[in-house]
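Descriptive structure summary
Below are the chains, spelled out letter by letter.
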Amino acid sequence: MKVAVFSTKTYDRQFLEAANSPTQHDLVFFEPSLNRDTAILAAGFPCVCVFVHDQVDAPTLEILAAGGTRLLALRCAGFNNVDLATAAKLGVTIVRVPAYSPYGVAEHAAGLILSLNRKIHRAYNRVREGNFSLNGLLGFNLYERTVGIIGTGKIGLILAQIMKGFGCNILAYDVYRHPELEALGGKYVELPELFANADIISLHCPLMPETHHLINSDAIAQMKPGIMIINTSRGALIDTQAVIEGLKSGQIGYLGVDVYEQESELFFEDLSGEIIQDDIFQRLTTFPNVLITGHQAFFTKEALQNIADTTFSNIYDIEQGRPCANEIHIY
């Protein structure tokens with residue numbers, strides 16, 4: 001099958017080509033993101049493969065379908081960037097990679113917690129400049145602190161296991177309770193109780209209309225003064241402007257994010273020689289108690305291998321007319 005692969009970097013191509021060896025699909029790599037302006041590049045491709053920042057809205061899908069595309073293979077877990085209703089109407093099948101890096105993301109979240117708490121990123125820069133002062137680097141013991149985990153799927157559960165290893169108490173919120181988390185000693189509570197009692201809050205829920213700006217000014221007001229907020233899930237779970245106000249007032253003591261609600265114009269690109277026009281993002285970078293990484297939590301060898309293998313397994317299942325466990329069904 002001919003497959004148009006969008007948003008590809010050198011590292012993507014390396015793993016995708018290796019995983020494609022057994023199936024021998026005809027891959028054509030496009031570095032640009034997929035959107036209504038670039039969709040014409042996929043004319044004549046039965047399958048289009050996309051990543052998290054590709055914009056698969058109704059106009060894009062209509063162009064793809066008119067060009068013969070019948071399969072959309074997401075090499076990511078989230079699908080909030082796809083107009084599912086339009087895809088169903090046009091007869092475009094959608095498959096995804098549901099859980100490619102749960103350990104990587106959870107470990108990255110733990111790394112953000114440790115770095116923010118002990119100011120490791122600031123200490124690194126100081127030592128390189130010959131500054132060995134400890135002023136401003138005071139942290140706190142994680143032992144017996146309370147970590148609130150919102151979303152207890154695979155990633156949230158793994159983070160709970162990691163933080164339990166530090167001796168933390170675990171509070172959790174999810175529509176569905178995970179028995180393994182409760183077996184760890186974690187306690188499920190409603191959001192107001194979690195906000196009020198957690199010292200650290202880490203977000204691991206999907207982005208849906210119900211979770212959009214879950215962390216807003218009302219939620220922040222319910223939290224402990226000096227709260228640490230971690231987000232390695234989706235940027236729009238956080239109202240960035242509300243968080244900036246929380247940082248300015250001191251209500252938020254630490255913020256660690258690997259995602260940002262307007263990241264599609266920034267992340268995965270080298271903009272070091274340009275003037276970044278996003279004033280809200282630039283304001284975030286001015287706070288000494290904010291640590292931002294560029295959507296790299298998933299970025300491990302194991303994850304890229306899993307993404308590539310699962311993507312081509314999904315494509316092969318659909319090509320052969322077999323049921324695919326990773327197909328997104330639209331009802």
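Further up the page is the structure itself.
First, a word on what this report is: a plain description of the structure on this page. Residue numbering note: each chain is counted from 1, following its sequence as written. Given that this is a predicted model, residues contribute local features only at a pLDDT of at least 70 and side-chain atom pairs are listed and counted only at 80 or more, while totals for whole chains, interfaces and linings are drawn from all residues. Note that the side-chain values use all heavy atoms of the structure and ignore hydrogens as well as water.

**Comments concerning the overall build of the protein**
Note the cut-off: Each helix corresponds to a stretch of at least 4 residues labelled H or I by DSSP, and each strand to a stretch of at least 2 residues labelled E; elements are numbered beginning at the N terminus. Here the term buried applies to any residue with accessible area under 20% of the maximum for its type, exposed to any over 50%, and partly exposed to those in between, with areas from a 1.4 Å probe on protein chains only. Should any heavy atoms of two residues lie within 4.5 Å, those residues are considered in contact.
The helix and strand tally for the protein stands at 12 helices and 12 strands. Each of the three principal axes of the protein carries a C-alpha extent, and together these read 60 × 50 × 35 Å. Relative to its full complement of 331 residues, the protein shows a buried share of 50%. In the protein, the proportion of contacts linking residues at least 24 apart, taken out of those at least 6 apart, comes to 65%.

**Remarks on the sheet that holds strand E8 (residues 187-188)**
Note the cut-off: The pairing criterion is simple: DSSP has to find at least two bridges between the two strands. Where helices are involved, their axes are fitted lines through C-alpha atoms of the stretch in contact, as for all axes, and angles between N-to-C directions lie from 0 to 180°.
Spatially, E8-E7-E6-E9-E10-E11-E12 is the arrangement adopted by the seven strands of the open sheet, whose pairing is parallel. The open sheet terminates on both sides in strands that have one partner only, identified here as E8 and strand E12 (290-292). As defined by bridge partners, strand E11 (residues 252-257) adjoins E12 across three bridges and the pair is classed as parallel. Paired with glycine 256 across the two strands is leucine 291, which belongs to E12. Helix H4 (residues 102-118) contacts strand E9 (200-203), strand E10 (227-231), E11 and E12 of the sheet and is inclined by roughly 145° relative to E10.

**Observations regarding the packing of helix H1 (residues 10-20) against helix H12 (residues 301-319)**
This is how it is decided: Reported orientations rely on four angle classes, namely roughly parallel under 35 degrees, roughly antiparallel over 145, roughly perpendicular from 65 to 115, and oblique for the rest. By convention, the crossing between two helices is left-handed when the near helix turns anticlockwise from the far helix through less than a right angle, and right-handed when the turn is clockwise. Here the term charged refers only to Asp, Glu, Lys and Arg, the term nonpolar to Ala, Val, Leu, Ile, Met, Phe, Trp, Tyr, Cys and Pro, and the term polar to all other amino acids, Gly among them.
As a packed pair, H1 and H12 sit with axes 9 Å apart at the nearest point and diverge in direction by 50°. If you check the angle between H1 and H12, you find them oblique. Here H1 runs over H12; the crossing is right-handed. Residues Tyr11, Phe15, Leu16, Ala19 and Asn20 of H1 form the contact with H12, whose participating residues are Lys301, Leu304, Gln305, Ala308, Asp309 and Phe312. Its residues assigned to classes, the contact of H1 with H12 comprises seven nonpolar, two polar and two charged.

**Looking at the state of the cysteines**
For the record, the criterion: What counts as a disulfide here is a pair of cysteine sulfur atoms lying within 2.5 Å.
In this structure the tally under the stated criterion is zero disulfides. Here cysteine 205 is not disulfide-linked; the sulfur of cysteine 76 is the nearest cysteine sulfur, at 17 Å.

**Structural notes on helix H6 (residues 154-165)**
Applied cut-off: Helix span is expected to be 1.5 Å times the residue number reduced by one.
In this model H6 runs 17 Å from its N-terminal to its C-terminal C-alpha over 12 residues, within 8% of the 16 Å that 1.5 Å per residue would give. The set of residues buried in H6 consists of Gly156, Leu157, Ile158, Leu159, Ala160 and Met163. Against the buried residues of H6 lie H4, strand E6 (146-150), strand E7 (169-173), helix H7 (179-183) and E9.

**A short note on the pattern of salt bridges**
Basically, it comes down to this: When a carboxyl oxygen of Asp or Glu lies within 4 Å of a side-chain nitrogen of Lys or Arg, that pair is called a salt bridge.
Tallied over the entire structure, the rule returns eight salt bridges. The closest approach of N and O atoms between glutamate 269 and lysine 9, which form a salt bridge, is 3.0 Å. Highlighted residues: glutamate 269 in the loop between E11 and helix H11 (279-284) and lysine 9 in the loop between strand E1 (2-5) and H1, separated in sequence by 260 residues. For glutamate 269, a relative accessible area of 47% translates into the label partly exposed. In this structure, the salt-bridge partner of glutamate 193 is lysine 187, at a minimum N-O distance of 3.7 Å. Judged by its relative accessible area of 45%, lysine 187 is partly exposed.

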